[in-house]
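Summary of structural features
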Amino acid sequence: MRSRRLYAITKTLLSYGLDDLIPPQWLPWSVRLGRHGLFWLPNRHSDKSAGARLRLALEQLGPVWVKFGQMLSTRRDLLPPDIALELAFLQDRVAPFDGNEAKKIIEKSLELTDISQLFTDFDTQPLASASIAQVHTAKLKVASGELKDIIIKVIRPDIRRTIHADLELMETLASVIARRLPDGRRLKPKEVVKEYRKTLLDELDLQREAANGIQLKRNFENSDLLYVPTIYSDYSRHNVMVMERIDGIPVNDVETLKARGVDMKKLAERGVEVFFTQVFRDSFFHADMHPGNIFVAKDDPRHPRYIGIDFGIVGTLNSEDKRYLAENFLAFFNRDYRKVAELHVDSGWVPKHTNIEEFESAIRTVCEPIFEKPLADISFGYVLVNLFNTARRFEMEVQPQLVLLQKTLLYIEGLGRQLYPELDLWKTAKPFLERWMNEQLGWRAVVRSLKENAPYWAEKLPELPNLLYENLNSRQHVQQQLDQQHQQQLNYQRQSSVNSFWTIITASGVVSTTWLLTESSNPSWPITSAVITVILALQAWRTRPRIEKR
C-alpha cells in the first residue's frame, strides 16, 4: 500500500516536471541516474509555469496535499513570490462521499438508533464538501418542541488513515530534502511538515472546532461587526459537529452584494476592524478567513455585518507579541526603521547579538521604495512579509503565531481590496492601533488594570489584616533564625581558631618526637615527648568545631 502510494506520488511529481525545480548540481548522481531510468514519466506540462505545474500536481495528489499547498502559499518567506501566488489559488474541490454513510456516522457518534430521534428533514445530499469533512442540512428537535435549522458537519470516513499515510511520506521527503539539498537547512522542510501535521490533525477534531466557535461567539456577543453561529455542543463529537444554519451572501459574490445595496466601503473597513479587534482586543483570531468561510448578513445592507464559519484553525498572541506588532506597524509607517530593528531584537525574534545599524539599513533598503507609492497602494500584508524576509537574513526564527497572523492578514487585505479597491488599509487600521497603544500605556492602562483586578482585590481585602499579621510574624521569625545562624557561624569560627592552634601544637609535638627518636641517646626524652604529643592531640580533638543542632 505504502509503496504503491509512493509510486503514485512520484509519477505525479515527475509528470508535472517538478524535478526541474531542483538545480541539477544539488542532486546526487544516484538521483539523476534514477530520473533517467524513469524515462516513461516525462514532463507532460512543459508549457506551463513552475507555479502552475506545482499547483496542478498538488490538486491531483488529493486533499492532504492540497491543504499542504494552501499552507505553503502563506510561507512567502520560503517560496519565490510567483509560486506562492499560484499556490494561493488552490481550492478544495472534492467530490462528496455517500450521504447515507454520513447518516450512519452521525447515528453512531450520537448513539442514536435512528437519526430521526434528534433530527428531521436530514438531507443526504451534502450542502458543501471539502477535503476533510462535508456538511448536511437538517432540523434539530429542541425541548420546547421547536425545530431549529442546523447543519451537521461530518468528518470523512477513513480520512485519518489517508492523512497519516501521506504525512509519513511527507516527513520522509522532508528528511531527504533537509539532508541532501544545499539549501535544505534554511528551508526547514521538517519543521514545515511538523507544523502542517499539527494544523491538519487539529482540524480533524470537531470538538476542538466547536470550542473555538463558542469562544469566538462569546467575544463578539451582541456585536454589529461579526455574527458567529450557535454551536450545539451537546450534540457535537470529535467527528460530528452540529451548528446553527446561517443565511448569508458569500463575501466574494460582489455582484449580489452590490445589487442588494450593500455599503461596500463600510463592509471592507469592517473586515479590517474585525481582524484587528480579534488580534489586539481578544488575542484570539480566526486564522482561516478565506472567502469560503465568510458571509455577509442580509438584514441591513447599509450597516453590513459579517458571518464567520469554520473555526478549525485559530491563532493566539500573548501581550508582548501584540505590543511589539502594534509598535512595529506604527514605526514602519512613520519610517522609523531604527525602532523597527530595535523592536525585533527586544522581542527576541532576532538574536541579541544582531548589529542594529546593519539591520536598520536592511529594513530601510526593503521598505523605503514602498513609500514611493500612494499610501492606499501599500499592501499591509506584504509589508509584514517583507519585514519577516529581511529579518530571516539576520537569523530570525520562524514564529508560528506570526505565520498564522501573516496568512490571515493577507486574506483580509485581499478580501478588502476585492470588495472596495480604493481601501486604504493603513488609514483604516492606524486609528485602531494608536487607540490600542494609548490604552496599553499611561494612566488609562492603570485605570483599566484597576478595574479588571477590582473583583480579585475585593475578594482578598477582608483577608489583608490576617495576611499582614502573618507576614510580620513570619518576618520576625525569619529574623530570629538569621540571628541564630549568624551567632552559630561566629561560634564555629572561634572554635575553628582554637582548634587550629592545638592542631599546630600537636603537629609540632609529632615532629619533635620523631627527631628525638632518631637523634637523642636518652630514651626517656622521646617517651616524654610522645606522651605530651598525645595529650596535645586529645586537646585538639576536644576543641574541634561543632555545628549546633536545633
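The structure this text deals with has already been given above.
If you're wondering where the values come from, they're calculated on a predicted model, not measured in any experiment.

Regarding its fold elements, the chain presents 21 helices and 11 strands. Put simply, of all contacts in the chain between residues at least 6 apart along the chain, 68% involve residues at least 24 apart.

Another aspect to go through is the packing of helix α13 (residues 319–333) against helix α14 (residues 337–346). Contact geometry for α13 and α14: axes closest at 8 Å, N-to-C directions at 165 degrees. With respect to their mutual orientation, α13 and α14 come out roughly antiparallel. Handedness of the α13/α14 crossing: left-handed. Taken together, the residues of α14 that come into contact with α13 (itself represented by Y324, E327, N328, A331 and F332) are Y337, K339, V340, L343, H344 and D346.

This next bit is on the packing of aromatic side chains. This model, assessed by the stated rule, comprises 2 aromatic pairs. Measuring from centroid to centroid gives 5.1 Å for F275 and F276, while their planes differ by 80 degrees, and the two rings are edge-to-face. Judged by centre distance (5.9 Å) and plane angle (10 degrees), the rings of F276 and F280 are stacked. Taken together, the residues span about one helical turn, with F276 and F280 both in helix α12 (residues 264–282) at a distance of 4 residues. For F280, a relative accessible area of 3% translates into the label buried. Each member of the aromatic cluster is reached from another via a ring pair, and the members are F275, F276 and F280. Directly above the ring of F220 sits R281, whose terminal nitrogen or CZ lies 5.1 Å from the centroid.

This next bit is on a nonpolar patch on the surface. Nonpolar side chains collect at one region of the surface, where I527, V531 and I535 lie side by side and expose about 290 Å² of accessible area between them. By the element assignment, V531 lies in helix α21 (residues 524–542). Its relative accessible area of 46% is what places V531 among the partly exposed residues.

Here we come to the environment of L226. As for its position among the elements, L226 is in strand β5 (residues 226–227). Residues L226 and R270, 44 residues apart in the sequence, show an inter-C-alpha distance of 8.9 Å. In this structure L226 touches F220, V274, R305, Y306, I307 and G308, once residues within four positions along its chain are discounted.

Turning next to the nonpolar core. Counting 99 residues, the largest nonpolar core has M170, L257, F276, F280, Y306, L419 and L433 as the members making the most contacts within it. Top element by residues in this core is α12. It accounts for 9 residues. Of all hydrophobic cores here, the second largest spans 18 residues; its members include F97, A102, L112 and A138.

Here we take up the sheet that holds strand β10 (residues 306–308). Pairing is mixed in the open sheet, where 4 strands are placed in the order β5-β10-β9-β7. Of all the strands in the sheet, the pair left with one neighbour each is β5 and β7 (248–250). Here β5 pairs with β10 via 2 bridges, running parallel. Across the sheet, the residue bridging to Y227 is I307, located in β10. Where α12 meets the sheet, its contacts fall on β5, β9 (294–297) and β10, and the angle it forms with β10 comes to roughly 45 degrees.

A word on the environment of P526. Among the structural elements, P526 can be located in helix α21. Taking the C-alpha atoms as reference points, P526 and S512, separated by 14 residues in sequence, lie 8.3 Å from one another.

Attention shifts here to the pairing of strand β6 (residues 240–244). For β6, a buried count of 5 out of 5 residues is recorded, marking the element as mostly surrounded by other parts of the structure. Here strand β4 (residues 147–155) pairs with β6 via 5 bridges, running antiparallel. The residue of β6 that forms the bridge with K153 is M241.

Moving on, we get to the packing of α12 against α13. Where α12 meets α13, the axes come as close as 9 Å, and the angle between the chain directions of the two elements is 130 degrees. In terms of orientation, α12 and α13 fall into the oblique class. Packed against α12, whose contacting residues are V279, F280 and R281, the element α13 presents K322, L325 and A326 at the interface. Grouping the constituent residues of the contact of α12 with α13 by class yields 4 nonpolar, no polar and 2 charged.

So, how was this worked out
- Residues numbered from 1 in each chain as written.
- Predicted model: local features only at pLDDT ≥ 70, side-chain atom pairs only at ≥ 80, totals over all residues.
- Heavy atoms only, no water.
- Helix = DSSP H or I, 4+ residues; strand = E, 2+ residues; numbered from the N terminus.
- Contact = heavy atoms within 4.5 Å.
- Axes fitted to C-alpha atoms, helices over the stretch in contact; angles between N-to-C directions.
- Parallel < 35°, antiparallel > 145°, perpendicular 65-115°, else oblique.
- Left-handed = near helix turned anticlockwise from the far one by under 90°.
- Phe/Tyr/Trp six-rings, centres within 6.5 Å; stacked < 30°, edge-to-face > 60°.
- Buried < 20%, exposed > 50% of the residue type's maximum accessible area, 1.4 Å probe, protein only.
- Lys NZ or Arg CZ within 6 Å of the ring centre and 35° of its normal.
- Patch = residues over 30% accessible without salt bridge, like charges linked within 9 Å, V, L, I, M, F, W, Y side chains within 5 Å.
- Areas by Shrake-Rupley, 256 points an atom, 1.4 Å probe, with all protein chains shown as cover.
- Salt bridge = Lys/Arg side-chain N within 4 Å of Asp/Glu carboxyl O.
- Core = buried A, V, L, I, M, F, W, Y, C linked by side-chain atoms within 4.5 Å.
- Pairing = 2+ DSSP bridges.
- Nonpolar A, V, L, I, M, F, W, Y, C, P; charged D, E, K, R; others polar.

Function cannot be inferred from these measures alone, as they are strictly geometric.
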